[in-house]
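# Architecture and fold: a report
Next come the chains, spelled out residue by residue.
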Amino acid sequence: MTTIPTVPTVKLNDGHSIPQLGFGVFQVPPAETQKAVEQALEAGYRHLDTAAAYRNEEGVGRAIAASGIARDELYITTKLRNGEQNIAREAFENSLQALGLDHVDLYLIHWPAPAQDLYLQAWEQLVTARQDGLATSIGVSNFLPEHLERLLGASDVVPAVNQIEVHPTFQQTSTQAATRAAGIAVEAYSPIGQGKDLTNGVVTSIAAAHDATPAQVVLAWHLAQGTIVIPKSTHRERMEENLNAVNVTLSEDEITQISGLDTDERVGADPATSNFTML
């Protein structure tokens, strides 16, 4: 019988804790989501990350219901679409209905969408929703330092998490620094650069030295820095491999080598200019 690794947790600024390694469902087709999430839960994941914009919340909810796992053993995240920032409470309740849940553990504003100038209004609605018990923690995603500064200047409630694109070749050091300086946890999406960082010679040589996969090494690099990570795979074997990254311990020199790979090249959109509605 395969031993399920123990995933460490990160303490958030609101006193709650989040499993440091979770399972993301970005780009998982809705028709395949239930099966993928069921396999992830069987592999040992207890932290699931979805979003209204992914259009697969229903599949996540069906997998949760079918799993038989107690709700308090799971950590569920979903996110607010840009085009619904003016109706954040209604959108949140629609997500809960799709998931079949009465609350989520973390609800995020998916993008600042600065041209809309609605994220402060949306944040106020998230604060109220948390007070009403719809979310245990609330946070943001894709917020750059200027967005964080404006939000922190307008609200007494500090986001618990800022979920941003981070991987070896795109580390967003200034955004990470601003996030951590405010006491906000950094959560990395596209943590392996959607696969493009796995063929780097530094990563592959370190992987060979540890008898690990390149993905495990990159995930271990994130974990060593206290970053929360949500890798995605629809293949059961890779799900298990990614989860076992918690058992890979890198040396300080290896961490430094991987940190030296930054090229400042995104694989996703730029939050400073991105204003798509996601509807």
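For the structure itself, look to the data block above.
Computed from a predicted model, the values in this text were never measured in an experiment. The residue count restarts for each chain, going from 1 along the sequence in the order it is written. A pLDDT threshold of at least 70 governs which residues receive local features in this predicted model, and a stricter bar of 80 or more applies before side-chain atom pairs are shown or counted, although totals over entire chains, interfaces and linings include all residues. Hydrogens and waters are ignored; side-chain quantities use all the structure's heavy atoms.

## Structural notes on the overall build of the protein chain
Labels follow the DSSP assignment, with helices taken as runs of H or I lasting at least four residues and strands as runs of E lasting at least two, numbered in each case from the N terminus. Across its full length, the protein chain holds 10 helices and 10 strands. Note on exposure labels: buried denotes an accessible area under 20% of the residue type's maximum, exposed denotes more than 50%, and partly exposed covers the range between, all computed with a 1.4 Å probe on protein chains only. Looking at the protein chain residue by residue over its 279 residues, the buried ones come to 54%. The contact definition used throughout considers only heavy atoms, calling two residues in contact when any of these lie within 4.5 Å. Partitioning the intrachain contacts of the protein chain with sequence separation of at least 6 by distance along the chain shows that 75% fall at a separation of at least 24. Here, Shrake-Rupley sampling with a 1.4 Å probe gives the accessible areas, and only protein chains in the shown set may cover a residue. Split by element, the accessible area of the protein chain, about 11500 Å² in all, is 48% carbon and sulfur. Side-chain charges in the protein chain split into 17 positive and 34 negative, and the spacing between the mean points of these groups amounts to 4 Å. Charge assignment in this entry is limited to Lys and Arg as positive and Asp and Glu as negative, and neither His nor the chain termini are counted. By convention, the point assigned to a charge is CZ for Arg, NZ for Lys, CD for Glu and CG for Asp.

## A few points about the environment of Pro-29
Inspection of the secondary structure puts Pro-29 in the loop between β3 (23–24) and α1 (30–43). Pro-29 sits 27 residues away from Asn-56 along the chain, and the two C-alpha atoms are 7.1 Å apart.

## Let's talk about the packing of helix α7 (residues 201–210) against helix α10 (residues 252–259)
Axis separation between α7 and α10 bottoms out at 10 Å; the angle between their running directions is 155°. Between α7 and α10, the crossing angle belongs to the class labelled roughly antiparallel. For the crossing formed where α7 meets α10, the hand is left-handed. Contacts between α7 and α10 pair Val-202, Ile-206 and His-210 from the former with Glu-254, Gln-257 and Ile-258 from the latter. When the residues that make up the contact of α7 with α10 are grouped by side-chain class, the tally is three nonpolar, two polar and one charged. To obtain each axis, a line is fitted to C-alpha atoms, and for helices this fit is confined to the stretch in contact; angles are then taken between N-to-C directions over 0 to 180 degrees. In this scheme, roughly parallel covers angles under 35 degrees and roughly antiparallel covers those over 145, while 65 to 115 is roughly perpendicular and the rest are oblique. By definition, turning the near helix anticlockwise from the far helix through less than a right angle yields a left-handed crossing, and turning it clockwise yields a right-handed one. Nonpolar residues are Ala, Val, Leu, Ile, Met, Phe, Trp, Tyr, Cys and Pro. Charged residues are Asp, Glu, Lys and Arg, and all others, Gly as well, are polar.

## Side note on the packing of aromatic side chains
Ring pairs are drawn from Phe, Tyr and Trp, using the six-membered ring of Trp, whenever the two centres fall within 6.5 Å, and their geometry is named by plane angle: stacked under 30 degrees, edge-to-face over 60, tilted for the rest. One pass over the full model with this rule turns up five aromatic pairs. Ring centres of Trp-111 and Phe-276 lie 5.3 Å apart, and the angle between their planes is 80°; on these two criteria the pair is classed as edge-to-face. Of this pair, Trp-111 sits in the loop between β6 (104–109) and α4 (119–131) while Phe-276 sits in the segment after α10, and the two are 165 residues apart along the sequence. In this scheme, Lys NZ or Arg CZ marks a charge over a ring once it lies within 6 Å of the ring centre and within 35 degrees of the ring normal. Across from the ring centre of Tyr-119, 5.4 Å away, lies the NZ or CZ of Arg-150, which sits over that ring.

## Things to note about the pairing of strand β7 (residues 135–141)
Counted residue by residue, β7 has six buried out of seven residues, so it is predominantly covered. In terms of strand pairing, β6 meets β7 through five bridges, oriented parallel. Bridging across to β7, Tyr-107 finds its partner in Ile-138. What joins β6 to β7 is α4, and the crossover it makes is right-handed. Relative to strand β8 (residues 161–165), β7 runs parallel, the two sharing two bridges. Whether two strands pair depends on DSSP finding at least two bridges between them. Think of it like this: strands point away, you trace from the first strand over the helix to the second, and a clockwise trace means the crossover is right-handed.

## Quick word on the pairing of strand β5 (residues 75–80)
In terms of burial, β5 is largely enclosed, as six of its six residues are buried. Sheet topology note: the strand β4 (residues 47–49)/β5 ladder contains three bridges and is parallel. Bridging from a neighbouring strand, His-47 pairs with Tyr-75 of β5. Once you follow β4 into helix α2 (residues 57–67) and on to β5, the crossover reads as right-handed. Each parallel crossover has a hand, and for β5 linked through helix α3 (residues 88–99) to β6 it is right-handed.

## Considerations on the pattern of salt bridges
A side-chain nitrogen of Lys or Arg and a carboxyl oxygen of Asp or Glu constitute a salt bridge if their distance falls within 4 Å. Counted by the stated rule, this structure contains 10 salt bridges. The salt bridge involving Arg-89 is made with Asp-132; its shortest N-O contact spans 2.9 Å. With Arg-89 in helix α3 and Asp-132 in the loop between α4 and β7, this residue pair connects regions lying 43 residues apart in the sequence. Assessed through its relative accessible area of 26%, Arg-89 is described here as partly exposed. A salt bridge links Arg-236 to Glu-240, with the shortest nitrogen-to-oxygen separation between them at 2.8 Å. Residue Arg-236 and its partner Glu-240 are located together in helix α9 (residues 236–243), separated by four residues, close to a single helical turn. For Glu-240, a relative accessible area of 28% puts it in the partly exposed group. Within the structure, one salt-bridge network assembled from shared partners comprises Glu-42, Arg-236 and Glu-240.

## A few points about the nonpolar core
Definition used in this section: a nonpolar core is a set of buried Ala, Val, Leu, Ile, Met, Phe, Trp, Tyr and Cys residues joined via side-chain atoms within 4.5 Å. Counting 72 residues, the largest nonpolar core has Phe-23, Val-104, Trp-123 and Leu-250 as its most contacted members. When residues no more than four places from it in sequence are discounted, the contact partners of Phe-23 are Ala-36, Val-37, Ala-40, Tyr-45, His-47, Leu-48, Asp-49, Ile-230, Pro-231, Ser-233 and Met-239. Grouped together as the second largest cluster of nonpolar side chains are 10 residues, Val-10, Ile-18, Leu-106 and Ala-185 included.

## Things to note about the side chain of Thr-33
Within the secondary structure, Thr-33 sits in helix α1. If sequence neighbours within four positions are ignored, Thr-33 has contacts with Val-28, Asn-56, Gly-59 and Val-60.

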